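Observations on the three-dimensional arrangement
Each chain, letter by letter, is given below.
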Amino acid sequence: MCGIVGYVGHSTGQVNIEHKALDVVLEGLRRLEYRGYDSAGIAVVADGAIESRKKSGKLSNLIGELEGNPLPESMTGIGHTRWATHGGPTDQNAHPHLSDGGKLALIHNGIIENFAELKLELLNEGVTFISETDTEVAAALLGHIYRNQLGGDNSNGGLTKAMQLACQRLEGAFTLLAVHADQPDVVVAARRNSPLVVGLGEGENFLGSDVSGFIDYTRRAVELGQDQIVTITADSVEITDFFGAPAEGKEYHVDWDPASAEKGGYPSFMEKEIHDQPDAVAQTLLGRSDLEGKLTLDEMRIDPELLKHINKIIVLACGTSAYAGQVAKYAIERWCRIATEVELSHEFRYRDPIVDENTLVVSISQSGETMDTLMAVRYAKEQGAKTISICNTNGSTIPRESDAVLYTHAGPEIAVASTKAFLAQITAAYLLGLYLAQLRGNMFQGEIKDVLADLGKIPAKIQEILDHEDRIKDLGVEMANAKSVLFLGRHVGFPVAMEGALKLKELAYIHAEGFAAGELKHGPIALIEEGQPVFVIVPSPRGRDSLHAKVVSNIQEVRARGAKTIVIAEEGDEAVKAYAEHVFYIPPTPTLLAPLLSTVPLQIFALALASAKGYDVDQPRNLAKSVTVE
Ligand code: M6R
């Protein structure tokens, strides 16, 4: 969850670069702040000593602190932005944590599961602690090994050797970055079950929780494997395992453009990302089919023969990504006739699920680092399942550990509330469904081509909704004092309703629930009282079955009990007008594709309502973009 940055450059004058550790690390933290914003801290090595500053609250508090109490110039530094796990978000619990008499500084992402036992051991050795964190225990252990076990001898590996020995003792999930005053030109890092990427520069090297930590300086990145340690200097990158054996990382090119990680003139990343959606869907479709509608998913590294024999699909994901999976279930079952379950990753492996070599597990994750999903994928692999990852982040852990990956090309999503990733995930899952249908002969090529043609029209239709966003924005502002909002939908509209409710909960901190419209009469209708706002996602009246009529009846049921109904319906659907306080029309599209449109007004509504309340829509309270703890 936390954001981590490391940097080593040449001392001024040695090569033609002008970067200073403080600037590089602060810029990286600014880009990584979406990962956690409970506190931030930085340490540099200067004049044979460690200097550090840390502050609770957002990065701006640390910057304020640095203005009053500047750090010395340095070419080696580490920085951290925290999402608190052990110990509250205080100055004292903020990272870096120091040890070895203040000569060593360490930052950490993850959870050290055996910290209590290690702490006791170190207390018995006379080590003292000032914070409540597991990180300080890791710092103390590393310092103790460096000084007491290795005698502070840098000729024998120094900090790198100490890190290897420390990691052999640590249990849990962690990325660690450390600097030592006696090795001023080195940053040593380790990773287990937690993300870490190396950025390769000319006369400088970088570390980051993800590539946004150094994207302003280099596009060359190296993926680290599980249980690896990396030592960077200005000119070298050396990787080993936890026992010192040399290891290799995989270099790749980062195709994100730094400008696309900026707000592009919008007041928030979330607003920009909502407006990125036509492009996100178009990019995800790009290059994946030919003119005849034949899908060629190059990343699909699973033997097509094996895919022909799967008899069950399990979609694993959390939060918004799980709702994308729930939408995709309708399409995959319809197109491929394969039973498809959608399960929250954190529930999956604790219920003894029925998984075998004929099961295809499809994980969906924007970040590719969600620990719950990663663990569920690993479990599924152990049971023999084939695993495909739908992911937005190149080189992240879940796609790396899966048999195949279908990248969404939504570009970096920075706002904590997921928007464009959701639409791109549905698009990618649909491509996967069509690909399986093509492979297994469940659909004629012409039918696949027709669906692809309809998908191709989606970006322009999203743009049409965005071009008329003012009305829904106004409603958001008007409803800023709402205490509770309900969302109803049927069929693919049901996960859309839940996604609409989630957006409102996480951004505006008000009670919101999404229900299957048919479920209402089984209990939730008791919540309806005079003036209760209820959003209803109405399916197309052109559908083959009676879904539309059923949902219109559901609107009448809540209205009769005093609800204020706000309806999302297809253009030309006059029937709903009589039952709605407000109607927002979306362009006509086939039922299965409608979520790619009906979600958009709900995102805009939540954004406008939360903004009207004065909340930070990019960094809502208590949340983090990438949830790398279980
Ligand atoms: O990175 P992931 O897609 O795996 O993240 C899953 C959820 O944590 C994420 O979708 C979360 O629910 C968002 N805050 C929703 O807006």
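Residues numbered from 1 in each chain as written. Predicted model: local features only at pLDDT ≥ 70, side-chain atom pairs only at ≥ 80, totals over all residues. Heavy atoms only, no water.

Take the packing of aromatic side chains next. This model, assessed by the stated rule, comprises nine aromatic pairs. Their ring planes at 35 degrees and their centres at 6.0 Å tell us that F206 and F214 sit as a pair that is tilted. With respect to burial, F206 and F214 carry one shared label: buried. Ring geometry for W335 against Y430: centres 5.2 Å apart, planes inclined by 75 degrees, an arrangement best described as edge-to-face. Taken together, the positions of W335 in helix α9 (residues 319-336) and Y430 in helix α13 (residues 420-440) put the pair 95 residues apart, joining distant regions of the chain. Grouping residues by exposure puts W335 and Y430 together as buried. By way of ring pairs, the aromatic residues Y7, F206, F214 and Y217 are connected into one cluster. The residue whose ring lies beneath K58 is Y37, and the NZ or CZ to ring-centre distance is 5.4 Å. Note that R621 overlies the ring of Y509, its terminal NZ or CZ placed 3.9 Å from the centroid. (Phe/Tyr/Trp six-rings, centres within 6.5 Å; stacked < 30°, edge-to-face > 60°. Buried < 20%, exposed > 50% of the residue type's maximum accessible area, 1.4 Å probe, protein only. Helix = DSSP H or I, 4+ residues; strand = E, 2+ residues; numbered from the N terminus. Lys NZ or Arg CZ within 6 Å of the ring centre and 35° of its normal.)

A word on the packing of α9 against helix α16 (residues 493-508). Two elements in contact, α9 and α16, have axes whose closest approach is 9 Å; the angle formed by their N-to-C orientations is 170 degrees. Overall, the two elements α9 and α16 adopt an arrangement that is roughly antiparallel. The hand of the α9/α16 crossing is left-handed. Residues G319, T320, Y323, Q326, V327 and Y330 of α9 touch α16, and the partners they reach there are F494, P495, M498, E499, L502 and K503. Considering only residue class, the contact of α9 with α16 consists of seven nonpolar, three polar and two charged. (Axes fitted to C-alpha atoms, helices over the stretch in contact; angles between N-to-C directions. Parallel < 35°, antiparallel > 145°, perpendicular 65-115°, else oblique. Left-handed = near helix turned anticlockwise from the far one by under 90°. Contact = heavy atoms within 4.5 Å. Nonpolar A, V, L, I, M, F, W, Y, C, P; charged D, E, K, R; others polar.)

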